[in-house]
Amino acid sequence: MRVHVADHPLIAHKLTYLRDKRTDSPTFRRLAEELMTLLAYEATRDVRVEPFEIETPVAPTTGIKLSNPKPLIVPILRAGLGMLEGMVRLLPSAEVGFLGMQRNEETLEAITYANRLPDDLSGRQVYVLDPMLATGGSMVDAIRFLLERGADDITAVCLLAAPEGIAHLEASLADAGVPVQLVTGSIDERLNELGYIVPGLGDAGDRLYGVV
Ligand code: PRP
Ligand code: URA
(Lines give C-alpha, C1' and ligand atoms only; values in the text may rest on other atoms or scores of the structure.)
(Ligands and ions follow the chains in the order given, each with its own letter.)
Protein backbone atom coordinates (compact mmCIF):
# COMPACT_ATOMS: atom_id res chain seq x y z
CA MET A 1 0.00 0.00 0.00
CA ARG A 2 1.35 3.39 -0.95
CA VAL A 3 1.18 5.93 1.88
CA HIS A 4 1.53 9.57 0.95
CA VAL A 5 1.84 12.25 3.63
CA ALA A 6 1.00 15.59 2.06
CA ASP A 7 3.80 17.59 3.54
CA HIS A 8 2.98 21.22 2.80
CA PRO A 9 3.16 24.27 5.08
CA LEU A 10 -0.43 25.33 4.26
CA ILE A 11 -1.71 21.89 5.21
CA ALA A 12 0.30 21.93 8.45
CA HIS A 13 -0.99 25.45 9.21
CA LYS A 14 -4.64 24.52 8.70
CA LEU A 15 -4.22 21.23 10.60
CA THR A 16 -2.85 23.15 13.58
CA TYR A 17 -6.03 25.26 13.81
CA LEU A 18 -8.17 22.16 13.25
CA ARG A 19 -6.45 20.39 16.16
CA ASP A 20 -6.78 23.38 18.51
CA LYS A 21 -9.56 22.70 21.01
CA ARG A 22 -10.53 26.39 20.94
CA THR A 23 -11.58 26.15 17.27
CA ASP A 24 -15.37 26.34 17.04
CA SER A 25 -17.57 24.12 14.83
CA PRO A 26 -18.13 26.56 11.95
CA THR A 27 -14.37 27.16 11.66
CA PHE A 28 -13.66 23.44 12.05
CA ARG A 29 -16.06 22.65 9.19
CA ARG A 30 -14.48 25.25 6.93
CA LEU A 31 -10.95 24.02 7.69
CA ALA A 32 -11.89 20.36 7.11
CA GLU A 33 -13.26 21.30 3.69
CA GLU A 34 -10.22 23.39 2.78
CA LEU A 35 -7.83 20.65 3.91
CA MET A 36 -9.72 18.12 1.82
CA THR A 37 -9.31 20.29 -1.27
CA LEU A 38 -5.57 20.51 -0.65
CA LEU A 39 -5.30 16.74 -0.07
CA ALA A 40 -7.46 16.10 -3.14
CA TYR A 41 -4.74 17.58 -5.29
CA GLU A 42 -2.37 14.80 -4.14
CA ALA A 43 -5.02 12.09 -3.96
CA THR A 44 -6.06 12.57 -7.59
CA ARG A 45 -2.55 12.53 -9.02
CA ASP A 46 -3.33 9.19 -10.72
CA VAL A 47 -6.94 9.91 -11.64
CA ARG A 48 -7.72 8.26 -14.97
CA VAL A 49 -7.76 10.55 -17.97
CA GLU A 50 -7.96 10.18 -21.71
CA PRO A 51 -6.84 12.34 -24.64
CA PHE A 52 -9.28 15.05 -25.73
CA GLU A 53 -9.06 17.00 -28.99
CA ILE A 54 -9.87 20.69 -28.83
CA GLU A 55 -9.21 23.84 -30.80
CA THR A 56 -7.89 26.90 -29.05
CA PRO A 57 -8.54 30.26 -30.74
CA VAL A 58 -5.08 29.75 -32.28
CA ALA A 59 -4.64 26.07 -33.15
CA PRO A 60 -5.91 22.54 -32.67
CA THR A 61 -4.32 20.68 -29.78
CA THR A 62 -4.73 17.52 -27.74
CA GLY A 63 -5.54 17.91 -24.07
CA ILE A 64 -6.96 15.43 -21.57
CA LYS A 65 -10.27 14.89 -19.81
CA LEU A 66 -11.43 12.58 -17.04
CA SER A 67 -12.17 9.07 -18.33
CA ASN A 68 -15.47 7.25 -18.00
CA PRO A 69 -16.66 5.77 -15.73
CA LYS A 70 -16.10 8.82 -13.56
CA PRO A 71 -14.53 8.33 -10.12
CA LEU A 72 -16.76 7.53 -7.15
CA ILE A 73 -16.36 9.49 -3.92
CA VAL A 74 -17.45 7.74 -0.72
CA PRO A 75 -17.55 9.78 2.49
CA ILE A 76 -17.86 7.65 5.63
CA LEU A 77 -20.69 9.13 7.73
CA ARG A 78 -20.73 11.10 9.84
CA ALA A 79 -17.36 12.75 9.89
CA GLY A 80 -16.43 12.02 6.27
CA LEU A 81 -19.32 14.22 5.22
CA GLY A 82 -17.26 17.18 6.42
CA MET A 83 -14.76 16.45 3.64
CA LEU A 84 -17.19 15.88 0.78
CA GLU A 85 -17.61 19.47 -0.42
CA GLY A 86 -13.86 19.96 -0.48
CA MET A 87 -13.49 16.94 -2.75
CA VAL A 88 -16.37 17.57 -5.17
CA ARG A 89 -15.15 21.11 -5.63
CA LEU A 90 -12.14 19.59 -7.38
CA LEU A 91 -13.99 16.67 -9.03
CA PRO A 92 -17.46 18.04 -9.78
CA SER A 93 -18.33 15.31 -12.28
CA ALA A 94 -17.61 12.46 -9.83
CA GLU A 95 -20.47 10.41 -8.41
CA VAL A 96 -20.99 10.06 -4.66
CA GLY A 97 -21.84 6.94 -2.65
CA PHE A 98 -22.35 6.76 1.11
CA LEU A 99 -21.32 4.44 3.92
CA GLY A 100 -22.48 5.04 7.48
CA MET A 101 -20.18 3.58 10.11
CA GLN A 102 -19.93 3.95 13.83
CA ARG A 103 -17.17 2.78 16.08
CA ASN A 104 -18.23 1.10 19.32
CA GLU A 105 -16.42 3.22 21.88
CA GLU A 106 -15.70 0.19 24.11
CA THR A 107 -14.70 -2.55 21.68
CA LEU A 108 -13.47 -0.02 19.06
CA GLU A 109 -15.09 -2.21 16.40
CA ALA A 110 -16.96 -0.48 13.59
CA ILE A 111 -20.56 -1.30 12.71
CA THR A 112 -22.07 -0.34 9.37
CA TYR A 113 -25.51 1.28 9.69
CA ALA A 114 -25.98 2.66 6.18
CA ASN A 115 -24.85 1.66 2.73
CA ARG A 116 -25.82 3.48 -0.45
CA LEU A 117 -23.34 2.49 -3.13
CA PRO A 118 -23.68 1.37 -6.74
CA ASP A 119 -23.88 -2.47 -6.82
CA ASP A 120 -21.25 -2.73 -9.51
CA LEU A 121 -18.02 -0.83 -9.08
CA SER A 122 -16.09 -2.69 -11.77
CA GLY A 123 -13.54 -0.44 -13.39
CA ARG A 124 -14.19 2.39 -10.92
CA GLN A 125 -11.61 4.46 -9.13
CA VAL A 126 -12.91 5.17 -5.64
CA TYR A 127 -11.93 7.86 -3.15
CA VAL A 128 -12.94 7.07 0.44
CA LEU A 129 -13.09 10.06 2.77
CA ASP A 130 -12.77 9.90 6.55
CA PRO A 131 -10.94 12.50 8.64
CA MET A 132 -9.58 9.95 11.13
CA LEU A 133 -7.70 6.69 10.61
CA ALA A 134 -7.37 5.52 14.21
CA THR A 135 -7.42 1.71 14.69
CA GLY A 136 -8.21 1.51 10.97
CA GLY A 137 -11.23 -0.75 11.61
CA SER A 138 -13.75 1.56 9.91
CA MET A 139 -11.55 2.11 6.86
CA VAL A 140 -10.72 -1.60 6.44
CA ASP A 141 -14.44 -2.48 6.51
CA ALA A 142 -15.23 0.32 4.06
CA ILE A 143 -12.54 -0.77 1.62
CA ARG A 144 -13.67 -4.39 1.85
CA PHE A 145 -17.20 -3.33 0.83
CA LEU A 146 -15.76 -1.54 -2.17
CA LEU A 147 -13.56 -4.48 -3.16
CA GLU A 148 -16.54 -6.88 -2.91
CA ARG A 149 -18.34 -4.69 -5.45
CA GLY A 150 -15.43 -4.73 -7.86
CA ALA A 151 -13.66 -1.40 -7.28
CA ASP A 152 -10.27 -1.70 -8.91
CA ASP A 153 -8.39 1.30 -7.54
CA ILE A 154 -8.98 2.74 -4.07
CA THR A 155 -7.60 5.85 -2.40
CA ALA A 156 -8.33 6.52 1.27
CA VAL A 157 -8.07 10.20 2.19
CA CYS A 158 -7.71 10.97 5.91
CA LEU A 159 -6.83 14.27 7.55
CA LEU A 160 -4.94 12.42 10.31
CA ALA A 161 -3.68 8.86 10.62
CA ALA A 162 -2.26 6.82 13.51
CA PRO A 163 0.64 4.43 12.87
CA GLU A 164 -1.52 1.63 14.32
CA GLY A 165 -4.26 2.30 11.76
CA ILE A 166 -1.82 2.34 8.86
CA ALA A 167 -0.31 -0.97 10.01
CA HIS A 168 -3.80 -2.50 10.28
CA LEU A 169 -4.73 -1.26 6.82
CA GLU A 170 -1.52 -2.61 5.34
CA ALA A 171 -1.89 -6.03 6.98
CA SER A 172 -5.61 -6.38 6.17
CA LEU A 173 -5.35 -5.33 2.55
CA ALA A 174 -2.08 -7.02 1.63
CA ASP A 175 -4.01 -9.48 -0.55
CA ALA A 176 -6.50 -6.92 -1.95
CA GLY A 177 -5.18 -7.56 -5.45
CA VAL A 178 -5.89 -3.97 -6.53
CA PRO A 179 -3.97 -0.77 -5.84
CA VAL A 180 -4.87 0.83 -2.51
CA GLN A 181 -3.26 4.06 -1.38
CA LEU A 182 -3.58 6.32 1.63
CA VAL A 183 -3.21 10.08 1.42
CA THR A 184 -3.08 11.90 4.75
CA GLY A 185 -2.19 15.29 6.14
CA SER A 186 -0.22 13.83 9.06
CA ILE A 187 0.86 10.60 10.69
CA ASP A 188 0.47 11.31 14.40
CA GLU A 189 2.31 9.66 17.31
CA ARG A 190 -0.01 6.89 18.49
CA LEU A 191 -3.42 5.89 19.83
CA ASN A 192 -4.28 6.40 23.48
CA GLU A 193 -5.97 3.80 25.70
CA LEU A 194 -9.41 4.99 24.47
CA GLY A 195 -8.45 4.54 20.82
CA TYR A 196 -8.09 8.28 20.15
CA ILE A 197 -5.31 9.63 17.98
CA VAL A 198 -2.57 11.48 19.94
CA PRO A 199 -2.18 14.43 19.63
CA GLY A 200 -5.06 14.19 17.12
CA LEU A 201 -7.98 16.57 17.21
CA GLY A 202 -10.48 14.77 19.44
CA ASP A 203 -13.74 13.36 18.09
CA ALA A 204 -14.01 14.58 14.51
CA GLY A 205 -17.76 13.90 14.18
CA ASP A 206 -18.56 15.74 17.41
CA ARG A 207 -16.38 18.70 16.49
CA LEU A 208 -18.06 18.95 13.07
CA TYR A 209 -21.67 18.31 14.01
CA GLY A 210 -21.99 18.27 17.81
CA VAL A 211 -22.03 15.58 20.48
CA VAL A 212 -24.56 12.75 20.00
C1 PRP B 1 -14.73 8.14 13.77
C2 PRP B 1 -14.02 8.56 12.51
C3 PRP B 1 -13.79 7.25 11.79
C4 PRP B 1 -13.57 6.30 12.93
C5 PRP B 1 -12.09 6.06 13.04
O6 PRP B 1 -16.07 7.92 13.51
O7 PRP B 1 -14.75 9.48 11.74
O8 PRP B 1 -14.90 6.85 11.01
O9 PRP B 1 -14.05 6.94 14.14
O10 PRP B 1 -11.81 5.12 14.00
P11 PRP B 1 -11.18 3.70 13.63
O12 PRP B 1 -10.06 3.94 12.69
O13 PRP B 1 -10.69 3.21 14.98
O14 PRP B 1 -12.25 2.81 13.07
P15 PRP B 1 -17.13 7.59 14.66
O16 PRP B 1 -17.28 6.11 14.84
O17 PRP B 1 -16.80 8.37 15.90
O18 PRP B 1 -18.49 8.07 14.02
P19 PRP B 1 -18.96 9.54 13.57
O20 PRP B 1 -18.21 9.88 12.32
O21 PRP B 1 -20.43 9.34 13.33
O22 PRP B 1 -18.70 10.51 14.69
N1 URA C 1 -12.31 8.92 15.89
C2 URA C 1 -12.17 10.24 16.09
O3 URA C 1 -13.08 11.03 15.76
N4 URA C 1 -11.06 10.70 16.68
C5 URA C 1 -10.05 9.87 17.04
O6 URA C 1 -9.03 10.35 17.58
C7 URA C 1 -10.21 8.49 16.82
C8 URA C 1 -11.34 8.04 16.23
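Residues numbered from 1 in each chain as written. Chains lettered and ligands numbered in written order. Predicted model: local features only at pLDDT ≥ 70, side-chain atom pairs only at ≥ 80, totals over all residues. Heavy atoms only, no water.

Rule in force here: UniProt positions are given in the numbering used here, feature names are shortened, and annotations may be inferred rather than shown by experiment.
The name given to the chain in an unreviewed UniProt entry is Uracil phosphoribosyltransferase, with Knoellia aerolata DSM 18566 as the source organism. Quoted verbatim from the Pathway (unreviewed entry) heading of the UniProt record, the comment on the chain is "Pyrimidine metabolism; UMP biosynthesis via salvage pathway; UMP from uracil: step 1/1." The Sequence similarities (unreviewed entry) comment attached to the chain in UniProt states, word for word, "Belongs to the UPRTase family."

A closer look at the UniProt feature "binding site: 5-phospho-alpha-D-ribose 1-diphosphate" (unreviewed entry) in the chain
To be explicit about the condition: Here's how the labels work: a residue is buried when its accessible area is under 20% of the maximum for its type, exposed when over 50%, partly exposed in between, all with a 1.4 Å probe on protein chains only. In this description, contact between two residues means that some pair of their heavy atoms is separated by no more than 4.5 Å. Segments assigned H or I by DSSP are reported as helices when at least four residues long, segments assigned E as strands when at least two residues long, and all are numbered from the N terminus.
Within this structure's numbering, the places UniProt gives as "binding site: 5-phospho-alpha-D-ribose 1-diphosphate" (unreviewed entry) are R78, R103, D130, P131, M132, L133, A134, T135, G136, G137, S138 and D203. You can call L133 buried: its relative accessible area is 1%. Discounting residues that sit within four places of it in the chain, L133 has contacts with M139, C158, L160, A161, A162, G165, I166, L169, L182 and I197. Checked against the element boundaries, G136 lands in the loop between strand 9 (132–133) and helix 4 (137–148). Other than its neighbours up to four places away in sequence, G136 contacts G165, H168 and L169.

A look at the site of ligand 1
Applicable threshold: Note on definitions. A residue lies near a molecule or strand when any single heavy atom of the residue is within 4 Å of it. Contacts described as polar in this section are N or O atom pairs within 3.5 Å, which, within protein, must combine one atom able to donate a hydrogen with one able to accept it, while residues neighboring in sequence count only if both atoms come from side chains. Here the accessible surface of atoms and residues is derived via Shrake-Rupley with a 1.4 Å probe, and residues count as covered only by protein chains that are part of the display.
Contacts to ligand 1 come from 16 residues, most closely from R103, D130, T135, G136 and S138. Interatomic distance of 3.0 Å between a backbone N/O atom of A79 and an oxygen atom of ligand 1. One of the side-chain N or O atoms of T135 is found 2.5 Å from an oxygen atom in ligand 1. Within the complex, the protein chains bury 93% of what would otherwise be the 500 Å² of accessible surface of ligand 1. For the shell around ligand 1, the secondary structure elements donating two or more residues are strand 6 (98–103), strand 9 and helix 4. Per-element tally for the shell around ligand 1: the top contributor is strand 6, with three residues.

Considering the environment of Y113
Following the sequence through the fold, Y113 ends up in strand 7 (residues 110–116). In this structure Y113 comes out as partly exposed when scored by relative accessible area, which is 44%. As a C-alpha pair, Y113 and L99 span 14 residues in sequence and 7.8 Å in three-dimensional space. Among residues more than four places away in sequence, those in contact with Y113 are L77, R78, G100, M101 and Q102.

Focus on the nonpolar core
Soluble globular proteins tend to bury their nonpolar side chains together. The criterion, for reference: We define a nonpolar core as any set of buried Ala, Val, Leu, Ile, Met, Phe, Trp, Tyr and Cys residues linked to one another through side-chain atoms lying within 4.5 Å.
Core analysis: the largest hydrophobic core is formed by 35 residues, its most contacted members being L18, I73, M87, L129 and L159. Every element with two or more residues in this core is listed here: helix 1 (9–19), helix 2 (25–43), helix 3 (81–88), strand 8 (125–129), strand 10 (153–161) and helix 6 (204–209). Looking at which element gives the most residues to this core, the answer is helix 2, with eight residues. Those residues in contact with L18 that lie beyond four places of it in its chain are F28, L31, A32, L35, L159, L201 and R207. If you look at the next biggest cluster of nonpolar residues, it comprises 25 residues, including A151, L173, V180 and L182.

Some thoughts on the UniProt feature "domain: Phosphoribosyltransferase" (unreviewed entry) in the chain
Under the feature "domain: Phosphoribosyltransferase" (unreviewed entry), the UniProt entry names residues 5–210. Summarising residues 5–210: 32% helix, 31% strand, and an end-to-end C-alpha distance of 28 Å.

Thoughts on the packing of helix 1 against helix 2
Axis angle and axis distance: for two packed helices, these are the angle between their axes and the distance between the axes, and together they describe the pair. Stated formally: For every element, the axis is a line fit to its C-alpha atoms; helices are fit only across the contacting stretch, and the angle between N-to-C directions ranges from 0 to 180 degrees. Any angle that is under 35 degrees is reported as roughly parallel, and any over 145 degrees as roughly antiparallel; angles of 65 to 115 degrees are reported as roughly perpendicular and all others as oblique. When the near helix sits turned anticlockwise from the far one by under a right angle, the crossing is termed left-handed; a clockwise turn instead gives a right-handed crossing. Classification convention: Asp, Glu, Lys, Arg as charged; Ala, Val, Leu, Ile, Met, Phe, Trp, Tyr, Cys, Pro as nonpolar; all other residues, Gly among them, as polar.
Where helix 1 contacts helix 2, the two axes come as close as 10 Å, and the packing angle between them is 155°. Relative to helix 2, the element helix 1 is oriented roughly antiparallel. Between helix 1 and helix 2 lies a crossing of left-handed hand. Across the interface between the two elements, L10, I11, K14, L15, Y17 and L18 from helix 1 touch F28, L31, A32, E34, L35, L38 and L39 from helix 2. Broken down by class, the residue content of the contact of helix 1 with helix 2 amounts to eleven nonpolar, no polar and two charged.

Some remarks on the site of ligand 2
In the vicinity of ligand 2, the contacting residues are R103, M132, A134, G195, Y196, I197, G202, D203 and A204. Between ligand 2 and the protein, one listed contact pairs an oxygen atom with a backbone N or O atom of I197 at 2.8 Å. Coverage of ligand 2 by the protein chains reaches 88% of its 240 Å² of free accessible surface. Its residues placed into classes, the shell around ligand 2 shows five nonpolar, two polar and two charged.

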